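Chain by chain, the residues:
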Amino acid sequence: METNKKMYVARSPRIAARMLGEEMLVMSGHDSTLFTLNPTATILWQAADGATPLDEIVERRICTEFEVKPEDAMRDAEELAENLAQHGILLISEQPIAKPDAPVQGQR
Amino acid sequence: MSALLQEMGDRALRLGVPFSAQLDLTYRCNEQCVHCYLDHDDHGEMTTVEIKNLLKEMAEAGVFILTFSGGEIFLRKDFFEILECARDLTFCIKLKTNAVLIREAQAARLRDLGVQSVQISIYSHRPEVHDAITKVKGSLRRSIAAIRFLKSQGLKVIMANVLMTGNMQDYHGVRALAEELGAEYTLDPTITPMMDGDRSIVDLNAGESALRELFRDEMFVGNAEEFCAPPPPPDAESMSSLPCSAGHTACYISPYGEFYPCVQFPLSCGNVRQQRFIDIWRDSEQLKEVRSIRLKDLSGCSQCAHGSTCTRCPGLAFMEGNMRGPSTADCEKSFARTGIPSVNLLAKKEKAAPPRLVQIQLVPAITGNRLSGIGAVA
C-alpha cells in the first residue's frame, strides 16, 4: 500500500465477536473461522469504525498505549488489517466506509 | 469443537463468564411432535422490547454463542427484528428450527445476518415416518425444500436426527439424505421427560437392543471396539471433574424469562423479567449449588465403573428427583455400549426383583431359654 494514500478500516457486519478476559474472540461470518486478537490488535479492531484512517488509529490509540515507534506500529497495523481482511472480519478501503458497528461488549 | 473454541470455553469457566446461552423465543409450534417435551400454549411470552433488553444484558455479561430455539422460532412475527438486534450485538448466532416456514427470501436474510448455523430436526428420510412424528402432512417435503434454500445461500445446515421407537430404523437413510443435501448430521437417541415432569413420552425411547446395535455401527461411532470398551476406573481427576457446562458456562432462558442452567435442567434460578441477567448468573443460590457438584459428590455414580466415561445429564438426574443422583437414560446408554450395568441399574434391578418366597431369618427367643429357630416368612 502506498504511504500517501489513506487506509480506512471497518469491522465486518457479519462477524461474531466478544471480549473474553483481555482478548477479543472473533468468528468470521464467511467461514466460521475463529480468531483471538491480542490487546494491541483488539484496540485496532475496536477502533475500526470505517471513518477514522488507520494512521490516526495507530497514532492516537496504539502509540499512546504502547512503547513502539510510529513507523513500526503502522507497518504492523497494515499487515494485521490486511490479514484480518483476508479472513473477512475487517473491511479495508481507501475511502471512508459507511455504517460502522457498535462497540463490542463482553466481560473483562 | 475446535481447539480454540474449547480453550475459550475453558477460559470462560475460569472467568465465570456465561459463554453460551439458549434463548427459546416461543413454545408455540407448527408441528406437534409426538416426543416433544414442551407445552405449546402461550403463557405470556416476552415482548420484543423485553427480548432486546435481555440480549443487551447477555452481551454485556459476555455471552458469545447464542442459540435461538423454541417452539418454532419463525412463528414469532418479530423474529427478524430480534435477529437483527442480536447481529448488532455481535453474537455468534445459531438457530434451531423445523424450517417449515423458511423459503428463499428468509434464507437470504439469514445469510445477510451472518447466522452461523441452522439446525433442523429431521426424523426420517421417509415422509410417512417423519410426518407421523411431526403430525403434519408434507412437513418433511417442506423442511427439505428449506434445507436446499439455505444451502444455496451458503449457510451451514445441521440435520438433527432424534431417534425413538418410531424411526429407529431410519438413521442410515437420514444420514444419506444429509450427505445428498450437503448438510451436517447429528443424532440423539434420548427422549427426555416433559419440562413439567410428565414422563409418559420417555416410553418412546428406543430399547436397549436398538441402542446396542447403534453403538456398534462404525459409520456412527468410529471404532466400535474402542467405543464399547469397558470404561477405565475413575481417577482423582475425573472425580473432581464437572458434570457438564450447564450453569458453569452455559444457561437457558425460556420464552417467559425463566432462567435455567440448561434446557434439559428445569431448575428455576430466577426470572430475567424481575432481575438482571448478570445478577442471576452471579448470585443465584440454585446456580451456586449446581456449580458445587463434582462426580465424587454423586450418590451411586461416584462408585460406578462408568464414572469417568458416562454421559450423565445432571438435568435428567434432576428430573428423576435428585441432581446429585444418576440419570437412568445415561446408565442405560452406558450399559448398551459396554454391557456393564451401572451401580444405579443394579440397584434398580435388585429393588424390582420379586420377593423371595422363603426367607430364612433368626426369630427372637420366645422363652426364657436362649432358643432360636427358623421361621418361614412370606
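Scroll up to find the structure.
Residues numbered from 1 in each chain as written. Chains lettered and ligands numbered in written order. Predicted model: local features only at pLDDT ≥ 70, side-chain atom pairs only at ≥ 80, totals over all residues. Heavy atoms only, no water.

S.K.: Help me understand the overall build of chain A in this model?
M.R.: Looking only at helices and strands, chain A has three helices and seven strands in total. Tracing chain A from N to C terminus, the helices and strands come up as β-β-β-β-α-β-α-α-β-β. For chain A, with 108 residues in total, the buried portion stands at 44%. Considering only intrachain contacts with a sequence separation of at least 6, the fraction spanning at least 24 residues in chain A is 61%. Counting every atom, chain A has about 5,700 Å² of accessible surface; 47% of that belongs to carbon and sulfur. (Helix = DSSP H or I, 4+ residues; strand = E, 2+ residues; numbered from the N terminus. Buried < 20%, exposed > 50% of the residue type's maximum accessible area, 1.4 Å probe, protein only. Contact = heavy atoms within 4.5 Å. Areas by Shrake-Rupley, 256 points an atom, 1.4 Å probe, with all protein chains shown as cover.)

S.K.: Quick question: what am I supposed to make of the sheet that holds strand β5 (residues 49-53) of chain A here?
M.R.: Paired through their backbone hydrogen bonds, the strands of a sheet run either parallel or antiparallel. Residue and element names in this part refer to chain A. In spatial order, the strands read β5-β1-β6; together these three strands make up an open sheet with antiparallel pairing. Among the strands making up the open sheet, the edge pair consists of β5 and β6 (90-93). Recorded for the sheet is a direction-independent mean angle of 25° between the axes of neighbouring strands. One ladder, built from two bridges, connects strand β1 (residues 8-11) with β5; its direction is antiparallel. (Pairing = 2+ DSSP bridges. Axes fitted to C-alpha atoms, helices over the stretch in contact; angles between N-to-C directions.)

S.K.: Help me out: how do you make sense of the nonpolar core in this one?
M.R.: A general feature of soluble globular proteins is that nonpolar side chains tend to end up buried together. The biggest cluster of nonpolar side chains holds 57 residues, and the ones touching the most others in it are L55, F68 and L110 of chain B. Setting aside residues up to four positions removed in sequence, F68 of chain B forms contacts with L23, L25, L55, I73, I82, L83, A86, I93, K94, L95 and K96 of chain B. In terms of nonpolar packing, the next biggest core, distinct from the first, is built from 26 residues, V9, V26, W45 and M74 of chain A among them. (Core = buried A, V, L, I, M, F, W, Y, C linked by side-chain atoms within 4.5 Å.)

S.K.: In this structure, what is going on with helix α2 (residues 48-61) of chain B? I would like to understand it.
M.R.: Given 3.6 residues per helical turn, the α-helix brings residues three or four places apart onto the same face. Residues and elements named next belong to chain B. Given a rise of 1.5 Å per residue, 14 residues ought to cover 20 Å, and the 20 Å separating the end C-alpha atoms of α2 matches this to within 8%. Burial in α2 covers these residues: I51, L54, L55, M58, A59 and A61. One face of α2 carries all of its buried residues, which in axial projection span an arc of 155°. G62 occupies a position one or two residues after α2 and carries a positive phi of about 110°. (Expected span 1.5 Å × (residues − 1). Arc of directions from axis to C-beta.)

S.K.: Would you explain the packing of aromatic side chains in this entry?
M.R.: Each aromatic ring pair is described using two quantities: the centre-to-centre distance and the angle formed by the ring planes. In the structure shown here, the tally under the stated rule is 12 aromatic pairs over all chains. With a centroid separation of 4.8 Å and 85° between ring planes, the pair formed by Y171 of chain B and F220 of chain B is classed as edge-to-face. With Y171 of chain B in helix α7 (residues 171-181) and F220 of chain B in helix α9 (residues 218-221), this residue pair connects regions lying 49 residues apart in the sequence. Residues Y171 of chain B and F220 of chain B agree in their burial class; the two are buried. Joined through ring pairs, the aromatic side chains of F68, F74, F79 and F80 of chain B make up one cluster. One cation-aromatic arrangement involves R11 of chain A over W45 of chain A; the distance from NZ or CZ to the ring centre is 5.7 Å. Taking NZ or CZ as reference, R291 of chain B lies 4.5 Å from the ring centre of W281 of chain B, over its face. (Phe/Tyr/Trp six-rings, centres within 6.5 Å; stacked < 30°, edge-to-face > 60°. Lys NZ or Arg CZ within 6 Å of the ring centre and 35° of its normal.)

S.K.: Explanation requested: the interface of chain A and chain B in the structure shown.
M.R.: Of the residues lining the interface, 20 residues belong to chain A; the matching set on chain B comes to 27 residues. Our enumeration of links across chain A and chain B arrives at one salt bridge. The salt bridge involving E23 of chain A is made with R11 of chain B; its shortest N-O contact spans 2.9 Å. For the interface between chain A and chain B, the tally reads nine residue pairs in polar contact (both at pLDDT 80 or more). Looking at the side of chain A that touches chain B, the elements that each hand over two or more residues are β2 (16-20), β3 (23-27), β4 (34-37) and β7 (106-107) of chain A. Of the residues forming the side of chain A that touches chain B, the biggest block, four residues, is contributed by β2 of chain A. The class makeup of the residues in the side of chain A that touches chain B is 10 nonpolar, six polar and four charged. (Salt bridge = Lys/Arg side-chain N within 4 Å of Asp/Glu carboxyl O. Polar contact = N/O pair within 3.5 Å; in protein donor to acceptor, adjacent residues only side chain to side chain. Nonpolar A, V, L, I, M, F, W, Y, C, P; charged D, E, K, R; others polar.)

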